[in-house]
Amino acid sequence: MSNAAETDPGPRPQRIVLVTGASGAGRSTALNVLEDLGFEAIDNLPISLIPRLLDGPMPGPSLALGVDIRTRDFSARALADLIRALAAAPGLEADVLYLDCRPEVLLRRFSETRRRHPMAPAESPAEGVARELDILGPIRELASSLIDTSDLTIHEFRAEMTARFAPGGAAPLAVSLHSFSYKRGLPLGLDMAFDCRFLRNPYWNPTLRALDGRDPAVVAHVADDPRFAAFLDRISDLAALVLPAHRDEGRSHISIGFGCTGGQHRSVAVAEAVAKRLAATEWQVSIRHRELERRAQGAPARRAGTGA
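Residues numbered from 1 in each chain as written. Predicted model: local features only at pLDDT ≥ 70, side-chain atom pairs only at ≥ 80, totals over all residues. Heavy atoms only, no water.

## A few points about the sheet that holds strand 7 (residues 192-195)
In spatial order, the strands read 7-8-6-9; together these 4 strands make up an open sheet with parallel pairing. Because the sheet does not close on itself, it has two edges, and the strands there are strand 7 and strand 9 (284-289). Each adjacent strand pair in this sheet contributes to an overall mean axis angle of 20°, direction not counted. Sheet topology note: the strand 7/strand 8 (residues 253-260) ladder contains 4 bridges and is parallel. From the neighbouring strand, Ala193 faces strand 8, where its bridge partner is Gly257. Sheet strands touched by helix 9 (residues 228-248): strand 6 (174-181), strand 7 and strand 8. Its angle to strand 7, the strand with the most contacts, is close to 180°. (Pairing = 2+ DSSP bridges. Helix = DSSP H or I, 4+ residues; strand = E, 2+ residues; numbered from the N terminus. Axes fitted to C-alpha atoms, helices over the stretch in contact; angles between N-to-C directions. Contact = heavy atoms within 4.5 Å.)

Here's what the structure looks like:
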């Protein structure tokens, strides 16, 4: 007699992808791709109604929910609260996809279509773009997946969406690597995280302090730590073990984080090194350096006397 009851892992978690981002960045296209991949796509459902939709058992296909500033009852705080609730909800496998785009590209897209910007119906599209990006800044920080559509063709965009969200192993496992600062907390949606704060800190070298972990001098400084090579080897060995297992389990995307004090030097250098190793073994890899992105966007400077 079979022991199916003992080996049955139980129902798989309900998968939900919440799609948001700047107007003109490609949200409608993303929802269309997800629908083609078997998701039930619902666009612009009022934020206050989404918890009711998810209340109780949800048999059926995975859900793709589109939310942006045109959604009824939209506010950045309400959307942030919803994102945190989804992350904490039992029985859900929630992913928050933020579609990013450079302001000048968004402006060009609005100019080409001659559409009014929803945040500036009586003003120039440039004012609307700037206003919306400012409002969505906190939401971008909460996203577990980010795709910058600025330089993507429609075919490249669809391929990226398919690689990340195709269910049931229909596409290769996509691996997202994140560098971050522990002072600002772990990025939302990480599947695993590695602490890089034990490595040599370039912050204390005045010639390296203003550089980041992509600079060869910083890379060499971090790699000079006698523990670096062994650390990188162990991470590579672990990846060789767990990534195929996640792929075989039907996962289409996994996020791995690398943290240090300021998210500028050590975590960036390690993430870049791991990315090269994974790419060399034919894994599809993307990298997001959270703190470097904040610096590029003119975020407030780090307090004096704090290490990176």
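## Here's the deal with helix 7 (residues 154-165)
Spanning 12 residues, helix 7 covers 16 Å between terminal C-alpha atoms, matching the ideal 16 Å at 1.5 Å per step. All buried positions along helix 7 are accounted for by Phe157, Met161, Ala163, Arg164 and Phe165. (Expected span 1.5 Å × (residues − 1). Buried < 20%, exposed > 50% of the residue type's maximum accessible area, 1.4 Å probe, protein only.)

## What to know about the packing of aromatic side chains
The description of two aromatic rings rests on the distance between their centres and on the angle between their planes. One pass over the structure, following the stated rule, counts 5 aromatic pairs. Ring geometry for Phe194 versus Phe231: centroids 6.5 Å apart, planes at 75°, classification edge-to-face. Linking Phe194 in strand 7 with Phe231 in helix 9, this pair joins segments that are 37 residues apart in sequence. Assigned by exposure class, Phe194 and Phe231 land together as buried. Relative to Phe231, the ring of Phe198 lies with its centre 4.9 Å away and its plane at 85°, an arrangement referred to as edge-to-face. On the criterion of sequence distance, the pair formed by Phe198 in the loop between strand 7 and helix 8 (216-223) and Phe231 in helix 9 is long-range, its members being 33 residues apart. Take Phe231: its relative accessible area is 15%, and that puts it in the buried class. Ring pairing ties together the aromatic residues Phe194, Phe198, Phe231 and Phe258, which thus form one cluster. Of note, Arg197 hangs over the ring of Tyr182, and the distance from its end group to the ring centre comes to 3.9 Å. (Phe/Tyr/Trp six-rings, centres within 6.5 Å; stacked < 30°, edge-to-face > 60°. Lys NZ or Arg CZ within 6 Å of the ring centre and 35° of its normal.)

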